[in-house]
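Fold and contact review
Each chain, letter by letter, is given below.
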Amino acid sequence: MSWTNYHCHCDFCDGAERPLAYVEAALDRDMSALGFSSHAPLPFPSTWCIGLGRWPSTLERYRTEIDSLRRLYRGRISVWTGLEVDYIPDLIGPSDPAFSGFDYRIGSVHFVGRTEVGLPWQMDDSPASFALGLEEQFGGDIRALVAAYFASVADMARLERPDIIGHFDLVRKYNSGSLYFDEGEAWYRELADAALRAVAASGSILELNTGGMARGYIDEPYPSPRLLGRALELGIPTTINSDSHRSADLDFAFGEAAAILSGLGYERVMVLGSEGWRSEALAKRGRGKPGLRPAA
Ligand SMILES: [Zn+2]
Ligand SMILES: [Zn+2]
């Protein structure tokens, strides 16, 4: 047994390479499973999702291509066809029947509030747009932004019950050096805790996501080790994902991620099989290549 990864983006959405390159890279790293999770179409124009105009044909081509890779590589690596679906109240969510035919769905909150023209505001687009949105949407009140974000994550867990909760505390993305808030303060911990309790009740898997580390925004995974510790207390299952947008990052910092989980007392992680999700010993993970951070 070796690493698995269920969160990656190929060139069907905003990833860099064809799906085949990711499967070959996963084999090269002795990974046992690779799940693709292209960004599901949004009901408004976007530069990083499977296109709306071509939907459902592009969505269908995505499924067909990954399914053909699954057959081609059977016996060497498990290839799965997932989706990362946005949760935007009254617009889109992981439980939308349009996305039911996929192997699994990652539910993610990238949008909080609305812009002046009434479109959802994307929180994680860039440091500058985060700063601007904080002013325009929330009058500069970071607590209000964080509260809106975690309330949306909690609603998604409660109402949509996705297989996996994507990058649980994405609101930390631009908070390196506590630029906007102190993650140790009681108000922040309480907001995050309420969302974690909703995740615990949903039965969803909480991914450990190393994508923010790979892109140099933060030094620790989503969720932070503190929140991962709380998730363990609440009995929430986890799996290690990279959210990679290029094949070179498929197992980015997985060795560190597994060490964080072991250090907190986690003994098991979730893996996908033909019968659905099941837990497996964490110690079995990582017997392939080490999944270290590549040299800068
Ligand atoms: Zn995402
Ligand atoms: Zn993603």
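Residues numbered from 1 in each chain as written. Chains lettered and ligands numbered in written order. Predicted model: local features only at pLDDT ≥ 70, side-chain atom pairs only at ≥ 80, totals over all residues. Heavy atoms only, no water.

Quick notes on the coordination of the zinc ion (ligand 1)
- Here the zinc ion (ligand 1) is held by Glu 84 (OE), His 110 (NE2) and His 167 (NE2), and the distances to it run 2.1 to 2.2 Å.
- Along the chain, the residues that donate to the zinc ion (ligand 1) are spaced as E-x25-H-x56-H.
- Distance-wise, the zinc ion (ligand 2) is placed 3.5 Å from the zinc ion (ligand 1), both being coordinated by Glu 84. Of this pair, His 110 sits in the loop between strand E4 (104-108) and strand E5 (111-114) while His 167 sits in the loop between strand E7 (164-165) and helix H5 (186-202), placing them 57 residues apart in sequence. (Donors = N, O, S within 2.8 Å, 3.2 Å for Na, K, Ca; no water. Helix = DSSP H or I, 4+ residues; strand = E, 2+ residues; numbered from the N terminus.)

Some details on the side chain of Asp 249
- Here Asp 249 lies in the loop between strand E9 (238-241) and helix H8 (254-264).
- On the basis of relative accessible area, Asp 249 is assigned to the buried category, the value being 8%.
- One polar contact links Asp 249 to Arg 246, side chain to side chain, over a distance of 2.9 Å.
- Ignoring anything within four residues of it in the chain, the contact list for Asp 249 reads Ala 214, Ser 242 and Ser 244. (Buried < 20%, exposed > 50% of the residue type's maximum accessible area, 1.4 Å probe, protein only. Polar contact = N/O pair within 3.5 Å; in protein donor to acceptor, adjacent residues only side chain to side chain. Contact = heavy atoms within 4.5 Å.)

Considering the packing of aromatic side chains
- Scanning the entire structure with this criterion turns up 20 aromatic pairs.
- On the numbers, 5.9 Å between centres and 70° between planes, the contact of Phe 181 with Trp 187 is edge-to-face. For the pair shown, Phe 181 and Trp 187 are each scored as buried.
- Through a chain of ring-to-ring contacts, three or more aromatic side chains come together here, namely Trp 121, Phe 130, Phe 138, Tyr 174, Tyr 180 and Tyr 217.
- It is Arg 63 that lies over the ring of Phe 102; its NZ or CZ is 4.6 Å from the centre. (Phe/Tyr/Trp six-rings, centres within 6.5 Å; stacked < 30°, edge-to-face > 60°. Lys NZ or Arg CZ within 6 Å of the ring centre and 35° of its normal.)

Concerning helix H1 (residues 19-28)
- Within H1 the residues assigned to the buried category are Pro 19, Tyr 22, Val 23, Ala 25, Ala 26 and Leu 27.
- Buried residues belonging to H1 abut strand E2 (33-39), helix H2 (57-72) and strand E3 (78-86).
- Phi turns positive one or two residues past the end of H1, at Asp 30, with a value near 55°.

Observations concerning the sheet that holds strand E8 (residues 205-209)
- The sheet built from seven strands is open, its strands ordered E1-E2-E3-E4-E7-E8-E9 with parallel pairing. Every interior strand has two partners, whereas the edge strands, strand E1 (4-5) and E9, have only one.
- Relative to E7, E4 runs parallel, the two sharing two bridges. From the neighbouring strand, Ile 106 faces E7, where its bridge partner is Ile 164.
- Contacts from H8 reach E1, E8 and E9 within the one sheet, and its direction differs from that of E9 by about 160°. (Pairing = 2+ DSSP bridges. Axes fitted to C-alpha atoms, helices over the stretch in contact; angles between N-to-C directions.)

Section: the pattern of salt bridges
- The full count for this structure, using the stated rule, is 17 salt bridges.
- We note a salt bridge from Glu 65 to Arg 18, for which the minimum N-O separation is 2.7 Å. Of this pair, Glu 65 sits in helix H2 while Arg 18 is found in the loop between E1 and H1, placing the two residues 47 residues apart along the sequence.
- The exposure class assigned to Glu 65 is partly exposed, which follows from its relative accessible area of 23%.
- Through salt bridges with shared partners, one network takes in Asp 193, Arg 197, Arg 230 and Glu 233. (Salt bridge = Lys/Arg side-chain N within 4 Å of Asp/Glu carboxyl O.)

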